[in-house]
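Survey of secondary and tertiary structure
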Amino acid sequence: MAVEILMPALSPTMEEGTLAKWMVKEGDTVSSGDILAEIETDKATMEFEAVDEGVMGKILIAEGTEGVKVNTAIAIMVEEGEDVPDAAPAAKAEAPEAVPEKAPAVAAPAAPVADTTPDWGDDVEVKQTTVREALRDAMAEEMRRDEDVFLMGEEVGEYQGAYKISQGLLDEFGAKRVIDTPITEHGFAGIATGAAFGGLKPIVEFMTFNFAMQAIDHIINSAAKTLYMSGGQMGAPMVFRGPNGAAARVGAQHSQDYAAWYMQIPGLKVVMPYSASDAKGLMKTAIRDPNPVIFLENEIMYGKSFDVPVMDDFTIPFGKAKIERAGDDVTIVSFGIGMTYALQAAEKLAEDGINAEVINLRTLRPMDTETILASVRKTNRCVTVEEGWPQGSVGGYISSVIMQEAFDYLDAPVITCTGKDVPMPYAANLEKHALLTADEVVDACKKVTYR
Amino acid sequence: MSAKKVAAKSNVSAEELLGHYREMLMIRRFEEKAGQLYGMGLIGGFCHLYIGQEAVVVGLEAVAKEGDKRVTSYRDHGHMLACGMDPNGIMAELTGREGGFSKGKGGSMHMFSKEKHFYGGHGIVAAQVPLGAGLAFSDKYKGNDNVTFAYFGDGAANQGQVYETYNMAELWDLPVVFVIENNQYAMGTSVKRSTKSPSLWERGKAYGIEGEEVDGMNVLAVKEAGERAVAHCRAGKGPYILEVKTYRYRGHSMSDPAKYRTREEVQKMRDERDPIEQVRDMLLTGKHASEDELKAIDKEIKGVVNAAAEFSKESPEPALEELWTDIYAEETV
């Protein structure tokens, strides 16, 4: 049977090319792998190989022809002893019609409605607990609950944790489930992700998230994208956790806030707790979640104490912000250690008769924008607070959401209070200025309330 | 070791030889068809063909048992066929259709099958090495005797994460076979132009990992080495490295002008070392099969491949709703 040889696409972007030279002539016997022709693409001159065996029946496009469209018939191959058909049938493109360029018919799933139920009931006993203890307790409870949960990282076992978050876990769960790794972030993040593909639920501790930059390829390309790339067949149920952001006097390479980076990635969930109850309830949810979760802690917050409910199984759902302080005059949105400045600023503002509503986001992805919008519709003003850098910040995203969803409610532009746009300096006085202060938040709130 | 020597030594049955022949030919015909569909614009983006390297996966799959896992790079079509994934689903993924293994959302480089324990299909060079060690970690954690095959190329062998993984895999005795498919070219850079190490597998010695070099054009030699590697892992002795010397006939991807090697070099390999021709010779000279029987196999495989191509053209493009699915797994709490 005669077979048409079509002008091949030899690169992802090729639409046409030059048929530079025929390497066979009519009547030649051709076997698979033989070079039929040389074709010039937009990138290079390429050899075009035969796929089938047969005899070159007729050459339809002469060598030297420029602008030959992909899928044009360029020759006809026949079987030994077969006649060449008289007229070549017109080449037909088999490629599907290009999808017309228009907005997809399907809209992104709608955001959930604001949920304002408290984290625990009034009748529940509370206990003062540090963030450090809360994190440890959450991991221990989940490791007791599920044999497939294990902790891996540098110094998590025998050293009891570089910041003592894993204190006592090796004694209780043994070296099989509390695993000291060599200093090799890229490697162990990849191994943990593979273990998650294999059905386990790893908790990966980074000594700090600054070191996770060595592992970010596995976090994003391997852990976050696999569920989608596999059409839902397999994903990475795991937690990447550790201190994030500035500590104190540790300089530029140990002081970066990665909230905005990870928040951008579909496939990841991103948590940044403020209080000990946040830390506990969200860590338990993170470990149970079947997706990769980035859990951004803060070294300065580890030793701070907060009320934590005494309950058998206290969890906080993702995507549920908490209104830490109610008010009518201005909305302050923050998360993690930024909440410290937000709450201090609210205290100072109250002295001047300005009642700020302070929202603790807790999870950045999914983000509870409904709670933010409901508050802004009430106060008509918003200030965001974070330690990270200004360009491409979390606050920048929040302000764009407010502008698109509640523009008519705004009585002033949203102000984003951020860390300064500089690498973190070491000198004590400079470091203080590089970070955010409560006074800056107060000033921003006064500006948007025109006081 | 030459093919004939191995054949003589290991008393290979006709049935086994025919099995290898069939599986290698399936990969070759499938890849030729994929190249053809790419040329017709039905397959987009990058498409890396496995032609020439067939003996590597076919030899190693011959020593795998149910429960064993495999993970590889973006040159993954051969691995998927060899572990038993449906050619229709693979081809339809290449054409980006609903009937593909990833519903058209992964493409040539990103395909998976939970059922066949195939964990990808990874587009970042060497990422599959720690992922493979992690899969082996999960089996060791669960206490079974499964083994993971982590395939990577000579190019990936220069990535730092390979050595981070070697270190931990040996430290923790993980049951993983590191298979270096040394096809001699990392895209356009020959091994000689990328390292002064005379051998790649021997780098594992620095971490205490045993290994060996294997003739990757000879399926029986690959299988024999694979048996040693798997026995080592199943016995709890930790990882093992196979540096399988192989050769890809086609370009790195479809858009490779192949100016870094001569046409004669490729042709010499094809004429003298072709893995399929070697088995074909053994079958014919050993009178295990007749020309007609082999022709019948060839015809049967062409039928399967043509059916896969048809399926991949007829399967519809994914529904637009698929854009928004499979980003997050449902919470199971």
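Thresholds, definitions, all that
All residue numbers refer to positions counted from 1 along the written sequence of the respective chain. As a convention, the first chain written is A and the first ligand written is 1, with the rest following in written order. Local features in this predicted model are restricted to residues whose pLDDT is 70 or higher, and side-chain atom pairs enter the listing and the counts only when it is 80 or higher, whereas totals over whole chains, interfaces and linings include all residues. Each helix is a run of DSSP H or I of at least 4 residues and each strand a run of E of at least 2, with the numbering of both proceeding from the N terminus. Throughout, the radius of gyration refers to the C-alpha atoms, and the reference size of a globule is 2.2 Å times the residue count to the power 0.38. Counting other C-beta atoms within 10 Å of each residue's C-beta, where C-beta atoms are placed from the backbone, gives the exposure class: buried for 20 or more, exposed for 12 or fewer, partly exposed between. Per-residue confidence from the prediction method is given by pLDDT, with values spanning 0 to 100. In this description, a residue-residue contact is defined by the distance between C-beta atoms placed from the backbone, which must lie within 7 Å. Paired strands, in this sense, are two strands between which DSSP finds at least two bridges. For every domain, the bounds stem from an assignment made automatically or drawn from a database. Only the stretch in contact is used when fitting a helix axis, every axis being a line fitted to C-alpha atoms; angles between N-to-C directions are given from 0 to 180 degrees. Looking down the strands as they point away from you, a crossover is right-handed if its path from the first strand over the helix to the second goes clockwise. Each nonpolar core reported here comprises buried Ala, Val, Leu, Ile, Met, Phe, Trp, Tyr and Cys residues connected via C-beta atoms within 7 Å. Amino acids outside the nonpolar list (Ala, Val, Leu, Ile, Met, Phe, Trp, Tyr, Cys, Pro) and the charged list (Asp, Glu, Lys, Arg) are all regarded as polar, and Gly is one of them. Expected helix span is given by 1.5 Å per residue-to-residue step, counting one fewer step than there are residues. Each angle is binned into one of four classes, with values under 35 degrees roughly parallel, values over 145 roughly antiparallel, values of 65 to 115 roughly perpendicular, and all other values oblique. Left-handed describes a crossing whose near helix is turned anticlockwise from the far helix by less than a right angle; the clockwise case is right-handed.

So, about the overall build of chain B. Across its full length, chain B carries 12 helices and eight strands. Its C-alpha radius of gyration of 19 Å places chain B within 12% of the 20 Å reference for a compact globule of 333 residues. Considering only C-alpha atoms, chain B reaches an extent of 60 × 50 × 40 Å along its principal axes. Here chain B holds 333 residues, and 57% of them are scored as buried.

Averaged over every residue, the pLDDT of chain A is 92; the share at 70 or more is 94%. Segment residues 88–96 of chain A is flagged for pLDDT under 50; beyond a separation of four residues in sequence, or across chains, it makes 18 contacts in the model.

This brings us to the pairing of strand β2 (residues 16–22) of chain A. Residues and elements named next belong to chain A. In the sheet, β2 pairs with strand β7 (residues 65–69) via three bridges, with the strands oriented antiparallel. Looking at β7, one finds that Glu16 is bridged to Lys69. Two elements, β2 and strand β4 (residues 35–40), share four bridges in a ladder whose sense is antiparallel. Bridge pairing links Lys21 to Glu38 in β4.

Glancing now at the domain arrangement of chain A. Taken domain by domain, chain A consists of domain 1 (3–78), domain 2 (126–309) and domain 3 (322–448). Taking only C-alpha atoms, the centre of domain 1 of chain A and the centre of domain 3 of chain A are 63 Å apart.

The next thing to look at is the sheet that holds β2 of chain A. Residue and element names in this part refer to chain A. A sheet is described by the order of its strands in space; here four strands give the open sequence β5-β4-β2-β7, paired in antiparallel fashion. In this open sheet, the two edge strands, each paired with only one partner strand, are β5 (45–49) and β7. Each strand of the sheet is rotated relative to its neighbour by a mean of 40°, with strand direction disregarded.

So, on to the pairing of strand β18 (residues 330–334) of chain A. All names here are of chain A. Burial within β18 is extensive, with five of its five residues counted as buried. Taking every second residue as pointing to the same face, both faces of β18 are buried, with Val330, Ile332 and Ser334 on one and Thr331 and Val333 on the other. Taking the sense of rotation as the criterion, the β-α-β connection linking β18, helix α8 (residues 338–351) and strand β19 (residues 356–360) turns out right-handed. Here β18 runs beside strand β21 (residues 382–385); their pairing, made up of four bridges, is parallel. Directly across from Thr331, in β21, lies its bridge partner Cys382.

Here we take up the sheet that holds strand β1 (residues 69–72) of chain B. Backbone hydrogen bonds hold the strands of a sheet together, and the pairing may be parallel or antiparallel. All names here are of chain B. The strand order across the open sheet formed by six strands is β2-β1-β3-β4-β8-β7, and the pairing between neighbours is parallel. The two strands at the open ends of the sheet, each matched to only one other strand, are β2 (118–121) and β7 (210–215). The average undirected angle you get between the axes of adjacent strands in this sheet is 15°. As judged from the two bridges shared by β1 and β2, these two strands associate in the parallel manner.

For the rest of this paragraph, the subject is the nonpolar core. The nonpolar side chains of a soluble globular protein tend to be buried, and buried together. In terms of nonpolar packing, the biggest core is built from 219 residues, with Ile332, Val383, Val441 and Cys445 of chain A together with Val177 of chain B touching the most fellow members. Broken down by element, the residue count for this core peaks at 10 residues, all from helix α2 (residues 14–39) of chain B.

The next subject is the interface of chain A and chain B. Every contact between the two is made by 59 residues of chain A and, on the other side, 57 residues of chain B. For the side of chain A that touches chain B, the secondary-structure elements that each account for two or more residues are β5, α3 (185–197), α4 (216–224) and α5 (226–229) of chain A. Broken down by element, the residue count for the side of chain A that touches chain B peaks at 10 residues, all from α3 of chain A. For the side of chain A that touches chain B, the residue count by class is 29 nonpolar, 24 polar and six charged.

As a further point, take the confidence of the model for chain B. All names here are of chain B. Taken as a whole, chain B shows an average pLDDT of 94; of its residues, 96% reach a score of 70 or greater. Confidence over residues 1–9 falls short of pLDDT 50; this stretch has 14 contacts with residues more than four positions distant or in other chains. Reported for the predicted complex are a pTM of 0.90 and an ipTM of 0.95.

So, on to helix α7 (residues 276–288) of chain A. Residues and elements named next belong to chain A. Given a rise of 1.5 Å per residue, 13 residues ought to cover 18 Å, and the 19 Å separating the end C-alpha atoms of α7 matches this to within 8%. Burial runs high along α7: 12 of the 13 residues are buried. For α7, the complete set of buried residues consists of Ala276, Ser277, Asp278, Ala279, Lys280, Gly281, Leu282, Met283, Lys284, Thr285, Ala286 and Ile287.

Our next topic: helix α9 (residues 369–379) of chain A. Residue and element names in this part refer to chain A. Those residues of α9 lying buried are Thr369, Thr371, Ile372, Leu373, Ser375, Val376 and Thr379. Where α9 is buried, its residues touch β18, β19, β21 and α10 (394–406). Looking one or two residues past α9, Asn380 carries a phi angle of roughly 65°, positive in sign.

With that settled, consider the packing of α2 of chain B against helix α12 (residues 291–314) of chain B. How two helices pack is summed up by the angle between their axes together with the distance between the axes. Residue and element names in this part refer to chain B. One can describe the packing of α2 onto α12 by two numbers: an axis separation of 9 Å at closest approach and a directional angle of 40°. Regarding the angle of α2 to α12, the classification is oblique. The handedness of the crossing between α2 and α12 comes out as right-handed. Packed against α2, whose contacting residues are Tyr21, Arg22, Leu25, Met26, Arg29, Phe30, Lys33 and Leu37, the element α12 presents Ile297, Asp298, Ile301, Lys302, Val304, Val305, Ala308 and Ala309 at the interface. Residue composition of the contact of α2 with α12, by class: 11 nonpolar, no polar and five charged.

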